[in-house]
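# Working through the structure, step by step
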Amino acid sequence: MSAVEASGDHYIAALAKTLRHSGYAGDIWGMGGVEARESGIRTAWHGERLQLMGFTEVLHAVPSILALLKEMTDKIIEEAPAAVVVVDSPDYHMGLVSRLRSQGYAGKIFYISPPAVWAWRKSRVHDLRRTIDMCLPLYEFEHDYLVSKGCRSGWIGSPLLEEFAGGEYSKENLPSALSQDGKLVAFLPGSRASEIKHLLPTMEEAASRLKAEGWHPVFSVAPGLDPRVRAKLLERLSAEGIDFYEGSGRDLMATANCAIGASGTITVESLILGCYMIVTYKINKLSALLAKMIIKTPYFAMANILCGSELFPELIQDDANVENMLGCAREWLNGDEKLRAEVMSKMERARKKLGSQGVYKYWAGLLMEAGI
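The following refers to the structure shown.

What counts, and where the lines are drawn
Residues numbered from 1 in each chain as written. Predicted model: local features only at pLDDT ≥ 70, side-chain atom pairs only at ≥ 80, totals over all residues. Heavy atoms only, no water. Helix = DSSP H or I, 4+ residues; strand = E, 2+ residues; numbered from the N terminus. Rg over C-alpha atoms; globule rule 2.2 N^0.38 Å. Buried < 20%, exposed > 50% of the residue type's maximum accessible area, 1.4 Å probe, protein only. Contact = heavy atoms within 4.5 Å. Areas by Shrake-Rupley, 256 points an atom, 1.4 Å probe, with all protein chains shown as cover. Lys, Arg positive; Asp, Glu negative; His and termini not counted. Charge placed at Lys NZ, Arg CZ, Asp CG, Glu CD. Pairing = 2+ DSSP bridges. Axes fitted to C-alpha atoms, helices over the stretch in contact; angles between N-to-C directions. Polar contact = N/O pair within 3.5 Å; in protein donor to acceptor, adjacent residues only side chain to side chain. Disulfide = S-S within 2.5 Å. Patch = residues over 30% accessible without salt bridge, like charges linked within 9 Å, V, L, I, M, F, W, Y side chains within 5 Å. Salt bridge = Lys/Arg side-chain N within 4 Å of Asp/Glu carboxyl O. Parallel < 35°, antiparallel > 145°, perpendicular 65-115°, else oblique. Left-handed = near helix turned anticlockwise from the far one by under 90°. Right-handed = clockwise from strand over helix to strand, strands pointing away. Phe/Tyr/Trp six-rings, centres within 6.5 Å; stacked < 30°, edge-to-face > 60°.

## Regarding the overall build of the protein chain
If you tally the helices and strands in the protein chain, you get 18 helices and eleven strands. Computed over C-alpha atoms, the radius of gyration of the protein chain comes to 20 Å, within 12% of the 21 Å expected from 2.2 N^0.38 for 372 residues, which places it in the range of a compact globule. In terms of overall dimensions, the protein chain has C-alpha extents of about 60 × 45 × 40 Å along its principal axes. Relative to its full complement of 372 residues, the protein chain shows a buried share of 53%. Restricting to contacts in the protein chain with at least 6 residues of sequence separation, those with at least 24 account for 67%. When the accessible area of the protein chain is evaluated, it comes to approximately 16,200 Å², of which 52% is carbon and sulfur surface. Positive and negative side-chain charges of the protein chain, numbering 41 and 45 respectively, have mean locations separated by a distance of 5 Å.

Right, dumping it as structure tokens:
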């Protein structure tokens, strides 16, 4: 199994646990992060080393990425596992599976959260057809698109649904000092060092001004952060006297009046929890220019794509500034009941597009059927 991002790390950790519960006793190994290690996956490589964002950030790391690709390819060919499961991070994983196939790997390859070929780099469809035995997308429209292009794909729902089914994310998990005033505004600066670098200063200023207006800003320190990044973030927040929470950001979103966060999986998590979110995204200018040239979708946040309209405000690049963050937050926090009712209705319709529960059992079943 191979995952780079925090969300992917979570998926392989949950899948590994499900495989064990299903009776699989073989070796589960590969590349992952904190959750993968805690789940018992034997991590030969740490996924945190590849938590990059943006085209130019990747360019600087090309030599080390190529070295890691070769090392992983050689090791997988040598060990010849019955199956390989990769998650997201297409710029890395498409290269890995292509190398594996070209060097004769004949085992099954599964791709959880495959490349967003419906949005950009559509030529990758041909590579998916050629190299992947089963794509496991997170959303039905992705599944439908892949099938229409001749790819093998399986989908029953989003894995997030069953994770929220128990209702375990709530203010009860937060220290009372963070939740008791009913004024909480959650700030989620991301799970990658580059996200935090670009967004944190702006979020800090917005939080300071909201605090002056009587709100209670609390920053999420993502559990899956690289330990070094985590330590620096905690030190900075502590030095500035900013309240933070080291548990699941889902607890904050389940409690908050609204959230301001980096674009990613959390926009769907926020949708499920019924938490209004101001979505932010900021990378360096060259990366942003390249992205604008090749990504052709009307919305950036997955919650908005599912909704088919701008359910959550999207503040991208220069628009991700203090005044815009405050303007969007105030519009919601001080908004009337009619606005809230309209948004909540849209959120409910979007949630219905997430499918059914039992995704991890479904994925594990496909792996077991493949003969692992």
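## Considering the sheet that holds strand E3 (residues 83-87)
Sheet architecture is open: three strands sit in the order E3-E4-E5, paired in parallel fashion. For this open sheet the edge positions go to E3 and strand E5 (134-136), each flanked by a neighbour on one side alone. When the angles between neighbouring strand axes are averaged without regard to direction, this sheet yields 20°. Pairing between E3 and strand E4 (residues 108-112): five bridges, direction parallel. Each bridged residue has a counterpart across the sheet, and for Val87 the counterpart in E4 is Ile112. Contacting E3 and E4, helix H5 (residues 90-102) crosses the sheet at an angle of about 170° to E4.

## A few points about the sheet that holds strand E10 (residues 277-281)
Sheet strands line up and pair through hydrogen bonds in the backbone, either parallel or antiparallel. Here we have six strands laid out as an open sheet, ordered E8-E7-E6-E9-E10-E11, and parallel in their pairing. Every interior strand has two partners, whereas the edge strands, strand E8 (244-245) and strand E11 (314-316), have only one. As paired strands, strand E7 (residues 216-220) and E8 are joined by two bridges and run parallel to one another. Looking across to E8, one finds that Ser220 is bridged to Tyr245. Contacts from helix H13 (residues 266-273) reach strand E6 (184-188), strand E9 (258-262) and E10, with the element oriented near 180° to E10.

## Things to note about the environment of Asp181
By the element assignment, Asp181 lies in the loop between helix H9 (176-179) and E6. Considered as a pair, Asp181 and His216 are 35 residues apart in the sequence and their alpha carbons are 8.0 Å apart. Reaching out from Asp181, the side chain makes a polar contact with the side chain of His216 at a distance of 2.9 Å.

## Re the state of the cysteines
What the rule picks out here adds up to zero disulfides. We note that Cys135 lacks a disulfide partner, and the nearest cysteine sulfur, in Cys151, lies 5.2 Å from it. Look at Cys135 and you get buried, because its relative accessible area is 0%.

## Quick word on a positive patch on the surface
Where like charges cluster on the molecular surface, the positive patch consists of Lys346, Arg349, Lys352 and Lys353. Looking at the element boundaries, Arg349 is found in helix H17 (residues 337-351).

## Some points on the packing of helix H10 (residues 193-212) against helix H16 (residues 322-333)
Between H10 and H16, the least distance of the axes is 9 Å, while the angle of their chain directions is 45°. Comparing their axes, H16 and H10 come out oblique. The crossing of H10 and H16 is right-handed. Counting all contacts with H10, which are made through Thr202, Met203, Glu205, Ala206, Arg209 and Leu210, the residues of H16 involved are Val322, Glu323, Met325, Leu326, Ala329, Arg330 and Leu333.

## Let's talk about the pairing of E7
For E7, the tally of buried residues reaches five of five residues, placing the bulk of the element in the interior. Every second residue of E7 is oriented toward a common face, with His216, Val218 and Ser220 on one face and Pro217 and Phe219 on the other, all of them buried. For the crossover that starts at E6, traverses H10 and ends in the parallel E7, the hand is right-handed. In terms of handedness, the path from E7 via helix H11 (residues 227-239) over to E8 forms a crossover that is right-handed.

## A look at the packing of aromatic side chains
Under the criterion given, the structure shown has ten aromatic pairs. Both rings, one in Phe164 and one in Tyr169, keep their centres 5.3 Å apart while their planes meet at 55°; by these two values the pair is tilted. Across the pair, Tyr169 and Phe164 agree in class, each one buried. With 4.2 Å between their ring centres and 10° between their planes, Tyr276 and Trp332 make a pair best called stacked. Residue Tyr276 is found in the loop between H13 and E10, and its partner Trp332 is found in helix H16; the two are separated by 56 residues along the sequence.

## So, the environment of Arg236
Relative to the helices and strands, Arg236 is located in helix H11. You can call Arg236 partly exposed: its relative accessible area is 33%. When sequence neighbours within four positions are dropped, the list of residues in contact with Arg236 reads Leu200, Pro201 and Glu204. At 2.7 Å, the side chain of Arg236 forms a polar contact with the side chain of Glu204.

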